[in-house]
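Survey of secondary and tertiary structure
Listed below are the residues making up each chain.
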Amino acid sequence: MNKIIAFSFSLLVLFFYFSFILIIGFKPELFGILVGDSYITVGIVIGLFVIVFSIFITFVYTFISNNYLDKIKDQLNK
Amino acid sequence: MILFLAFFSLFPFPVFSSTGQSNYFAAIIFLIFVIITLLITYFASKKTNVKENYYAAGGKISGFQNGLAIAGDYMSAASFLGISGLVFYSGFDGLIYSIGFLVGWPIILFLISERLKNLGKFTFADITSIRLEQSKIRILSSIGTLVTITLYLIAQMVGAGSLIQILFGLNYEIAVWIVGLLMIIYVSFGGMIATTWVQIIKAFLLIFGASVLAFLVFKEFSFSLSNLLYEAVSVHESKMEILFPGKLISDPISAISLGIALILGTAGLPHILMRFFTVPDAKSARISALYATTFIGYFYILTFVIGFGAIVFLSQNPLYLDDTGKLLGSNNMAAIHLSHSIGGEIFLGFISAVAFATILAVVSGLTLAGASAIGRDLFVYVIKKGKANEKEELKVSKFSSVFIGLLAIFLGIFFEGQNVAFMVGLAFAVAASTNFPILFLTISWKNLTTNGAYYGGLIGLVATITLVVLGPTIWVEVFGFQNAIFPYKYPAIFTVSISFIAIFVISISDKKTNKFENLEKFNKLTRKAYLGKL
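From a predicted model like this one, the values you see are computed outputs, not experimental measurements.

1. Considering the overall build of chain A
Assigned secondary structure in chain A consists of two helices and zero strands. For a compact globule of 78 residues, the expected C-alpha radius of gyration is about 12 Å, and chain A comes in at 18 Å, more than 25% above that figure. With respect to the three principal axes, the spread of C-alpha positions in chain A is 60 × 25 × 10 Å. Scored against the burial criterion, the 78 residues of chain A give a buried share of 42%. Here the analysis covers contacts within chain A between residues at least 6 apart in sequence; of these, 52% occur between residues at least 24 apart. On chain A, roughly 4,300 Å² of surface is accessible, and the fraction owed to carbon and sulfur atoms is 77%.

2. Observations regarding the pattern of salt bridges
All names here are of chain B. In this structure the tally under the stated criterion is nine salt bridges over all chains. In this structure, Asp-126 and Arg-138 form a salt bridge, with 2.8 Å as the shortest nitrogen-oxygen distance. Here the residue Asp-126 occupies a position in helix H7 (residues 125-131), and Arg-138 occupies one in helix H8 (residues 134-168), the gap between them amounting to twelve residues. Across the pair Asp-126 and Arg-376 runs a salt bridge whose closest N-O atoms are separated by 3.1 Å. One end of the pair, Asp-126, is in helix H7; the other, Arg-376, is in helix H14 (residues 334-383), with 250 residues separating them in the sequence. Judged by its relative accessible area of 4%, Arg-376 falls in the buried class. Through salt bridges that share partners, Lys-51, Asp-126, Arg-138, Arg-376, Asp-377 and Glu-393 make up one connected network.

3. A few points about the side chain of Ser-364 of chain B
Looking at the element boundaries, Ser-364 of chain B is found in helix H14. Once residues within four sequence positions are removed from consideration, Ser-364 of chain B is found in contact with Met-183, Tyr-186, Val-187 and Thr-195 of chain B.

4. A short note on the interface of chain A and chain B
Taken together, the 43 residues of chain A in the interface contact 43 residues of chain B. Of the roughly 4,200 Å² buried between chain A and chain B on both sides combined, carbon and sulfur atoms contribute 79%. Counting the surface chain A buries against chain B, the share from its top three residues, Tyr-17, Tyr-39 and Ile-51 of chain A, is 16%. At the junction of chain A and chain B, the tally comes to four residue pairs in polar contact (both at pLDDT 80 or more). Ranked by residues supplied to the side of chain A that touches chain B, first place goes to helix H2 (residues 42-77) of chain A with 19 residues. Within the side of chain A that touches chain B, the residues separate by chemical class into 26 nonpolar, 14 polar and three charged.

5. Let's talk about helix H16 (residues 421-444) of chain B
All names here are of chain B. Here H16 spans 34 Å end to end across 24 residues, near enough to the 34 Å set by a 1.5 Å rise per residue. Of all the bends in H16, the largest measures some 40° and sits at Phe-436, one to four residues before the proline Pro-437. Among the 24 residues in H16, 21 count as buried, and that is most of the element.

6. Considering the packing of helix H9 (residues 172-220) of chain B against helix H13 (residues 282-314) of chain B
All names here are of chain B. Put simply, H9 and H13 touch, their axes get as near as 9 Å, and they point 45° apart. If you check the angle between H9 and H13, you find them oblique. Of the two elements, H9 crosses H13, and the hand of that crossing is left-handed. Each of Leu-206, Ile-207, Ala-210, Ser-211, Leu-213, Ala-214, Val-217, Phe-218 and Glu-220 in H9 lies in contact with H13, whose residues at this interface are Phe-295, Tyr-298, Phe-299, Leu-302, Val-305, Ile-306, Gly-309 and Phe-313. Within the contact of H9 with H13, the residues separate by chemical class into 14 nonpolar, two polar and one charged.

7. Quick look at the confidence of the model for chain B
Residues shown with low pLDDT carry predicted positions that ought not to be read at fine detail. Residues and elements named next belong to chain B. In this model, chain B carries a mean pLDDT of 88, and residues with pLDDT of at least 70 account for 95%. At the level of individual helices and strands, chain B shows its lowest average pLDDT in helix H1 (residues 2-10), which scores 43, and its highest in helix H19 (residues 492-508), which scores 95. Ignoring residues within four places in sequence, the model shows residues 1-19, a span with pLDDT below 50, making 28 contacts including any to other chains.

8. Digging into the packing of aromatic side chains
Residue and element names in this part refer to chain B. A complete count under the given rule lists 46 aromatic pairs over all chains for this structure. Taken together, a centroid distance of 6.3 Å and an interplanar angle of 20° make the contact between Phe-347 and Phe-350 stacked. Of the two residues, Phe-347 and Phe-350 are both situated in helix H14; the distance of three residues between them amounts to about one turn of the helix. Aromatic pair Phe-486 and Tyr-488: ring centres 5.9 Å apart, planes at 70°, arrangement edge-to-face. Note on Tyr-488: relative accessible area 22%, which makes it partly exposed. Counting every residue linked through ring pairs, the aromatic cluster contains Tyr-74, Phe-80, Tyr-97, Phe-101, Trp-105, Tyr-152, Phe-299, Tyr-300 and Phe-428. The aromatic ring of Tyr-381 is capped on one face by Arg-138, whose charged end is 3.8 Å from the ring centroid.

9. Notes on unusual backbone geometry
All names here are of chain B. A positive phi is found at Lys-239, a non-glycine position, where the angle reads about 50°. With respect to the helices and strands, the residue Lys-239 is situated in the loop between helix H10 (225-235) and helix H11 (252-266). Lys-239 sits in the partly exposed class, given a relative accessible area of 42%. For Lys-385, which is not glycine, the phi dihedral falls at a positive 50°. The class for Lys-385 is exposed, based on a relative accessible area of 55%.

Rules behind the numbers
- Residues numbered from 1 in each chain as written.
- Chains lettered and ligands numbered in written order.
- Predicted model: local features only at pLDDT ≥ 70, side-chain atom pairs only at ≥ 80, totals over all residues.
- Heavy atoms only, no water.
- Helix = DSSP H or I, 4+ residues; strand = E, 2+ residues; numbered from the N terminus.
- Rg over C-alpha atoms; globule rule 2.2 N^0.38 Å.
- Buried < 20%, exposed > 50% of the residue type's maximum accessible area, 1.4 Å probe, protein only.
- Contact = heavy atoms within 4.5 Å.
- Areas by Shrake-Rupley, 256 points an atom, 1.4 Å probe, with all protein chains shown as cover.
- Salt bridge = Lys/Arg side-chain N within 4 Å of Asp/Glu carboxyl O.
- Buried area = accessible area lost by both parts, 1.4 Å probe.
- Polar contact = N/O pair within 3.5 Å; in protein donor to acceptor, adjacent residues only side chain to side chain.
- Nonpolar A, V, L, I, M, F, W, Y, C, P; charged D, E, K, R; others polar.
- Expected span 1.5 Å × (residues − 1).
- Bend = angle between axes of the 7 residues up to and from the residue.
- Axes fitted to C-alpha atoms, helices over the stretch in contact; angles between N-to-C directions.
- Parallel < 35°, antiparallel > 145°, perpendicular 65-115°, else oblique.
- Left-handed = near helix turned anticlockwise from the far one by under 90°.
- pLDDT = per-residue confidence, 0-100.
- Phe/Tyr/Trp six-rings, centres within 6.5 Å; stacked < 30°, edge-to-face > 60°.
- Lys NZ or Arg CZ within 6 Å of the ring centre and 35° of its normal.

Here is the structure:
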């Protein structure tokens with residue numbers, strides 16, 4: 001179970017990151033679109049999202065592992 | 001203690017030949033930092049006669065403290081000054097680097113951190129040698145470690161020399177010597193305990209300084225990102241182009257390749273990996289990765305704001321520009337000049353001192369990682385075949401730290417004035433193509449054999465160095481040839497594949513290894529990796 005969570009979380013992060021990178025590689029102009037009537041571009045929003053998401057998912061993983069998986073492991077150890 | 005006093009008498013106050021108020025203030029802050037860290041080193045030195053304390057701070061660092069220390073190791077002067085400078089120069093492109101540097105962290109947490117803690121003691125070779133043949137795998141791991149940290153050290157030392165030269169008006173060589181000698185003292189006397197605390201203090205100062213700087217920028221635009229970007233666009237010569245990806249990465253292969261180098265490279269940096277041995281258990285290892293990710297992510301958002309702030313406040317201000325309209329000192333000085341423009345002399349002094357402390361802390365971590373590779377992996381397990389006592393081991397490690405420190409000083413002076421920025425990239429590429437594949441396959445692939453890891457890892461190492469030398473960064477920019485033999489600036493997509501394929505093919509065709517025994521060792525390792533016990 002630990003393995004499944006670890007790998008699926010990794011894939012999720014890699015998916016977001018490589019989508020970001022591939023857009024930069026293939027369609028950079030897509031990131032130049034302005035959001036609403038501000039000067040913030042789609043690229044900046046997505047970029048900041050990737051950062052915030054990375055922090056968020058490390059929090060989720062640590063929370064699940066430290067509160068649930070560790071208890072199961074303790075039982076297995078016994 | 002005598003050495004400490006001798007050191008102080010070598011560099012008394014007048015060394016900082018201050019020309020302005022800011023230099024004077026910076027010198028005072030920096031001296032306070034040095035005095036505090038030397039005191040810590042002195043107290044730490046009473047404990048570093050034990051292996052556990054010297055290499056891993058006795059496993060007594062808490063998750064939060066270690067998270068700060070890791071963030072400190074990672075937020076080098078190169079990333080603070082370099083990324084804000086890159087944003088100043090080309091806007092959005094700086095964000096591509098930041099994000100690449102950051103997303104390695106969740107991956108380290110999910111796949112590596114707790115297993116590292118459960119399996120290893122002091123170096124990452126401790127893990128690979130659980131199931132693979134000691135001497136071969138230790139040789140390979142130490143080569144990987146030493147190549148990575150040497151490249152990284154050169155880049156940091158050269159950066160340190162020129163930065164301190166500009167900030168404090170010190171001679172380049174003296175600056176390199178100060179950094180080198182201080183780091184030798186921290187590492188050889190204080191080991192991991194001192195190195196960790198130096199790192200924690202510096203990380204705190206850096207996050208604080210960058211926060212204030214970004215806050216001051218934001219305040220000018222009534223806390224509106226849109227206003228900041230609007231002003232930046234109206235003064236930058238590339239106009240709207242600074243808001244989306246541009247000149248830095250021009251094709252998909254480079255984009256993916258850079259991404260791979262940054263993510264997998266982070267997971268293969270020896271001075272970062274060894275930090276996970278300083279906490280008591282797997283739980284704190286996870287917490288350290290969580291805090292590290294949070295601090296680093298927050299820090300990169302700050303550098304983005306600082307870079308755009310620098311565009312607005314510096315690019316039209318003749319005070320910070322030379323005759324050709326370029327930023328004084330280079331684009332890397334963007335954050336430093338901004339601190340002066342927006343916060344005045346005293347704040348400039350503070351940020352300068354923080355930059356100096358940053359360099360010092362990062363080189364210390366690198367030196368310790370190198371010293372452990374020589375003292376533990378090479379001396380104890382390769383030369384002495386595991387039969388050295390603790391005293392001998394520590395003696396060799398401590399002497400190695402002095403040796404690496406002197407080597408760093410020498411190389412720093414040798415490479416003066418040269419463009420060494422590519423060395424950090426090369427260090428990441430080597431870490432991604434050698435250290436990471438061996439470590440990752442050791443904990444996750446049951447058919448890995450010693451020969452597969454050894455020869456495959458070496459092939460990955462050689463391929464990386466070859467492709468970087470033949471690529472545009474060295475062949476064209478350093479050697480001055482017209483066209484690069486290998487067209488891509490970032491070779492990781494190729495070298496990581498070469499390394500994985502080589503390890504795979506050699507392991508599969510390795511007839512000498514006893515398959516049954518190998519599998520049994522792997523099962524044992526997996527159990528320990530997850531449960532923390534055999």
